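Observations on chain architecture
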Amino acid sequence: GLGFNIVGGTDQQYIANDSSIYVSRIKKDGAAYLDGRLQEGDKILAINGKDLKDLRHKDAVELFRNAGCYVSLKIQRRLQPQNGPVGHQGDGESGGLPLAAILVPGLALAATAVWILLRYRQRI
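Figured I'd write up the structure that's included with this text. Sequence positions are assigned chain by chain, starting from 1 and proceeding in written order. For a predicted model such as this one, the threshold for reporting local features is a pLDDT of at least 70, and the threshold for listing and counting side-chain atom pairs is 80 or more; totals across whole chains, interfaces and linings nevertheless cover every residue. Side-chain figures throughout are based on the complete set of non-hydrogen atoms in the structure, without hydrogens or water.

Below, the discussion takes up the packing of aromatic side chains. Pairs were defined over the aromatic rings of Phe, Tyr and Trp, the Trp ring being its six-membered one, requiring ring centres within 6.5 Å. Orientation was assigned from the angle between planes: stacked under 30 degrees, edge-to-face over 60, tilted for the rest. Throughout the structure, instances matching the rule amount to two aromatic pairs. Centre to centre, the rings of F4 and F64 are 5.6 Å apart; their planes meet at 90°, and the pair counts as edge-to-face. Within this pair, whereas F4 is found in strand β1 (residues 4-8), its partner F64 is found in helix α2 (residues 57-65), the two being separated by 60 residues in sequence. Looking at F64, the relative accessible area reads 10%, which means it is buried. Plain terms: the ring middles of Y14 and Y22 are 5.5 Å apart, the flat faces sit at 45° to each other, and that makes the pair tilted. When a residue's accessible area, from a 1.4 Å probe over protein chains only, is under 20% of the maximum for its type it is buried; when over 50% it is exposed; and in between it is partly exposed. With relative accessibility at 42%, the residue Y14 sits in the partly exposed group. Helix and strand definitions here come from DSSP, where helices need a minimum of 4 consecutive H or I residues and strands a minimum of 2 consecutive E residues; each element is numbered from the N-terminal end.

A few words now on α2. The set of residues buried in α2 consists of H57, A60, V61 and F64. Each buried residue of α2 sits inside an arc of 100° when the element is viewed along its axis, so together they form one side. Only heavy atoms matter for contacts: two residues are in contact if any of them lie within 4.5 Å across the pair. Summarising the contacts, the buried residues of α2 are in contact with β1, β2 (21-26), β3 (43-47) and β5 (73-76). Throughout, the arc means the angular range of directions from the helix axis out to the C-beta atoms.

Checked against the element boundaries, G49 lands in the loop between β3 and β4 (50-51). Once the C-alpha coordinates of G49 and V71 are considered, the two residues, 22 residues apart in sequence, prove to be 9.6 Å apart.

Moving on, we come to the environment of F4. Its relative accessible area of 11% is what places F4 among the buried residues. With 26 residues separating them in the primary sequence, F4 and G30 have C-alpha atoms 7.4 Å apart.

All right, on to the pairing of β3 then. In the case of a regular strand, side chains alternate between the two sheet surfaces. In terms of residue burial, β3 counts as a mostly covered element, since four of its five residues are buried. Relative to β3, β2 runs antiparallel, the two being bridged by two bridges. From the neighbouring strand, Y22 faces β3, where its bridge partner is K43. Sheet topology places β3 next to β4; two bridges connect them, and they run antiparallel. Bridge assignment links I47 to a residue of β4, and that residue is K50. In this scheme, strands are said to pair when DSSP sees at least two bridges between them. Where β3 folds back on β4, the antiparallel hairpin that results is connected by two residues, among which N48 adopts a positive phi of roughly 50°.

For the rest of this paragraph, the subject is the side chain of K43. Examined against the element boundaries, K43 turns out to sit in strand β3. Positive charge is attributed to Lys and Arg, negative charge to Asp and Glu, and no charge count is given to His or to the chain ends. Take a side-chain nitrogen of Lys or Arg and a carboxyl oxygen of Asp or Glu: if they are within 4 Å of each other, that pair is a salt bridge. At 4.0 Å, D18 is the nearest oppositely charged side chain to K43, a buried residue that forms no salt bridge. Those residues within four positions of K43 in sequence are excluded, and the remaining contacts are D18, S20, I21, Y22, K74, I75 and Q76.

Nothing here speaks to function; it is all geometry.
Here it is, written out as structure tokens:
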């Protein structure tokens with residue numbers, strides 16, 4: 001296969017009032033994963049020049065299955081909403097603090113410690 005799953009279609013709308021076909025999952029070590037350009041959440045507009053507009057899900061799946069060895073996809077990158085990721089990224093969610101929230105205070109503390117040490121050495 002091509003190494004990814006799709007959702008959507010006229011009969012299985014992934015987004016309300018939108019019958020487009022979307023990438024729902026990139027399979028690890030599959031063709032799409034190894035290529036690296038396709039992302040989860042991308043809207044697929046066409047495959048090998050064939051428009052995917054107004055297709056039932058199973059008809060879209062059939063086009064992908066019969067695409068052949070060399071596949072050309074026309075996609076539209078889905079923008080990330082402000083309140084979080086489009087979908088599941090990776091095998092687990094970090095759920096932690098951003099790296100800058102840890103590094104900035106840590107660097108400030110280290111700089112203060114060095115300043116105090118240097119001032120203390122000058123007095124001795």
